[in-house]
Amino acid sequence: MHSLLIVDDERTAVRGLVQGIEWTELGVSEVYEAYNAKQAKELLAAHDIHLLICDIEMPGQSGIELLEWVNEHSESTVSIFLTGHADFQYARKALQLGSLDYLLKPVRHEAVREAAGQALARWRQNRQTRSYGELHEQYVRQWEAQLPYLVERFWQDLINRRTAPHPHELGAALTQYGIPLRGEDGVLPILISVEMWKEELTARDEEIMEYALRKVAAEMMLESLPGTVILDRSGVNLVLVYAQAGGALDMEEIRRLCQEYIRYGERHFKCSLSCYVGERTELLRLPGGFQDLLEMERVNVSASGTVLMRADAPAAGKPPGGDRIASPVPVADWVLLFEHGRAAELIGGIEERCSVLESRGSLSKEELDCLYASVLYTLFTAFHKKGLSVYDAFGRRDLIDPASGIRSFSQFRLWAGKVVGAGMAYYQTHAGGDSELIGRVKQYIAEHLHEEFSREDIAEAVYLNPSYLSRLFKKQTGVSLSDYIIHERMAEAKRRLAGTCLSIGQIAEAVGYMNVSHFITMFKKVTGVTPMSYRKG
């Protein structure tokens, strides 16, 4: 229903319009009266007025001045003017201010009724337009608020092969998310590895600190470079520097920024960091480039707090012989296909590689040995990540030294198909649950519970990078390594508190805490009570 305000200094004119027109037929349920501009403003301020019918000539402020006020304070109100003067200047001014009609007195009620119906129809149309605009603005605000998360998910899906867009679809997605790249552009991936926290942290504290580290990475490393910082679904902190096609990247400057970032992390976050810098990678090849960085991190068990460049790694160099040797085998992609059980695609990729070599006339013993080693690398890498033994799946002789020997590409094709099929079947059956590696980690913790040890000590015992070990443990158990250690220490402390007469200090030492105050603090944080209260309760 609508509301109407009639303004005229002649009371008889107002009463005539109020009583002479059946306003309810136009959907008007409320009719207000005013006899000057001041009264009109008070009513407009107190009520939501849809239609204003106003005389122009009034003592004090005129109807034109009132309309100027209405446009500022009640802009949704539509208006019709009445006047006894057929002055074009009045009409022009009223129309300029947005009045929908201009009627000369004396005016027929039927003419007012018709003009009012048109004005209220315009009000409804304006409301619909405003509602749509407000709804659109609401969704725009929501979209803008969610955009950082959508951009992160886009990169996560691309890196983990959850989507495989065609080049034109990729370009459309980049535009949609406001990423300043085209399909033919690339990125430079930089993996940030948190190797050691110098203070004991819970899983939640670690997540908060790593969030802060990502924010600092964006500020320090991307201050002068376009790009983004994301957290991969597997818990990897990754900087993606946008690299447009044909553009050059100053790798020494990037190395310097990484070194400054590492020093900042050590100084302000009390942690040891390393940065693994990849090479400029086409967007659709980013999964392989990402796997290369993960592999660099996995095998790095000696150097910490440093910058490692993919271009400096031995595998990145061009092999002797120039163009006589084909491009490097995409083993990182093969490992990913194997881990996801995509046997047909992996065998197809191996077959495609053989076909490329045949077409290039590169069927040499060296290439055959390279392919053979690449398949073995794929199997060993995938099995090792889950703590499985390749030899348990095949037997050492059958895998390493086939009885007939591999002397031709046709023999290699048969052998590759056999080991991929059998290896994947064994892998999918045994990869679930706690792997052999996780079992060794838990055993180490149980055997050294009475000692002070760090994540780095465990990693050294199982020959893995500390940061990689933490992610692997969390992925396979659902619990962070630090929380698991604390839980095991406190579980043993509770057993000793309940079942022995040992002092609090002796129990603290028995579960690896040389500082009794620290033990009491951690015990209360985990259980909610002090060790003494737990023993009494």
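Residues numbered from 1 in each chain as written. Predicted model: local features only at pLDDT ≥ 70, side-chain atom pairs only at ≥ 80, totals over all residues. Heavy atoms only, no water.

The secondary structure content of the chain amounts to 22 helices and 11 strands. For the chain, with 537 residues in total, the buried portion stands at 45%. In the chain, of all internal contacts separated by at least 6 residues, the share reaching a separation of at least 24 is 71%. For the chain, the exposed area adds up to about 27800 Å²; of that, 51% sits on carbon and sulfur atoms. (Helix = DSSP H or I, 4+ residues; strand = E, 2+ residues; numbered from the N terminus. Buried < 20%, exposed > 50% of the residue type's maximum accessible area, 1.4 Å probe, protein only. Contact = heavy atoms within 4.5 Å. Areas by Shrake-Rupley, 256 points an atom, 1.4 Å probe, with all protein chains shown as cover.)

Before going further, it helps to examine helix H16 (residues 436–447). Between its terminal C-alpha atoms H16 stretches 16 Å, which fits the 16 Å expected from 12 residues at 1.5 Å a residue. For H16, the full list of buried residues reads Leu437, Ile438, Val441, Tyr444 and Ile445. The buried residues of H16 all sit within an arc of 120 degrees when viewed along its axis, so they share a single face. Buried residues belonging to H16 abut helix H17 (455–462), helix H18 (466–477) and helix H19 (481–499). (Expected span 1.5 Å × (residues − 1). Arc of directions from axis to C-beta.)

Here we take up the pairing of strand S4 (residues 78–83). Most of S4 is tucked away, with six of its six residues classed as buried. Alignment of strand S3 (residues 51–55) against S4, held across five bridges, turns out to be parallel. Across the sheet, the residue bridging to Leu52 is Ser79, located in S4. Each parallel crossover has a hand, and for S3 linked through helix H3 (residues 63–73) to S4 it is right-handed. (Pairing = 2+ DSSP bridges. Right-handed = clockwise from strand over helix to strand, strands pointing away.)

Take the nonpolar core next. In this structure, Phe338, Leu346, Ile350, Leu371, Val375, Phe412 and Trp415 are the most contacted members of the largest nonpolar core, which totals 29 residues. Sorting the residues of this core by element identifies helix H10 (331–339), helix H11 (343–360), helix H12 (365–385), helix H13 (390–394) and helix H15 (409–430) as the ones contributing at least two each. The next biggest cluster of nonpolar side chains, apart from the first, holds 26 residues, and it includes Trp155, Ala173, Phe290 and Leu294. (Core = buried A, V, L, I, M, F, W, Y, C linked by side-chain atoms within 4.5 Å.)

Taken as a whole, this structure holds 16 aromatic pairs when the rule is applied. Ring centres 6.2 Å apart and planes at 50 degrees place the aromatic pair Tyr264 and Phe269 in the tilted group. When the centroid spacing of 6.0 Å and the interplanar angle of 10 degrees are considered together, the rings of Phe383 and Tyr426 count as stacked. Remark: Tyr426 occurs in helix H15 and Phe383 occurs in helix H12; sequence separation between them is 43 residues. Owing to a relative accessible area of 0%, Phe383 belongs among the buried residues under this scheme. Every member of this aromatic cluster is reached through a ring pair, and the members are Phe154, Trp155, Tyr177 and Tyr242. The ring of Tyr35 carries Arg11 above its face, with NZ or CZ at 4.0 Å from the centroid. Note that Arg489 overlies the ring of Tyr513, its terminal NZ or CZ placed 5.6 Å from the centroid. (Phe/Tyr/Trp six-rings, centres within 6.5 Å; stacked < 30°, edge-to-face > 60°. Lys NZ or Arg CZ within 6 Å of the ring centre and 35° of its normal.)

On to the UniProt feature "modified residue: 4-aspartylphosphate" (unreviewed entry) in the chain. Using the residue numbers shown here, the UniProt feature "modified residue: 4-aspartylphosphate" (unreviewed entry) corresponds to Asp55. Looking at the element boundaries, Asp55 is found in strand S3. Residue classification places Asp55 among the buried residues on the basis of a relative accessible area of 3%. When near neighbours in sequence (up to four residues on either side) are disregarded, Asp55 contacts Val7, Asp8, Asp9, Gly63, Leu82, Thr83 and Lys105. (UniProt positions renumbered as here; feature names shortened; annotations may be inferred.)

Before going further, it helps to spend a moment on H10. With seven of nine residues buried, H10 is to be regarded as a mostly interior element. Among all positions of H10, only Val331, Ala332, Trp334, Val335, Leu336, Leu337 and Phe338 are buried. One or two positions beyond H10, positive phi appears at Gly341, with a value near 70 degrees.

A word on the packing of H16 against H18. It is the contact of H16 with H18, at a shortest axis distance of 11 Å, that shows an interaxial angle of 105 degrees. Classified by the interaxial angle, the pair formed by H16 and H18 is roughly perpendicular. Listed contacts from H18 to Leu437, Ile438, Val441 and Lys442 of H16 are Leu469, Leu472, Phe473, Gln476 and Thr477. Residues that form the contact of H16 with H18 fall into these classes: six nonpolar, two polar and one charged. (Axes fitted to C-alpha atoms, helices over the stretch in contact; angles between N-to-C directions. Parallel < 35°, antiparallel > 145°, perpendicular 65-115°, else oblique. Nonpolar A, V, L, I, M, F, W, Y, C, P; charged D, E, K, R; others polar.)

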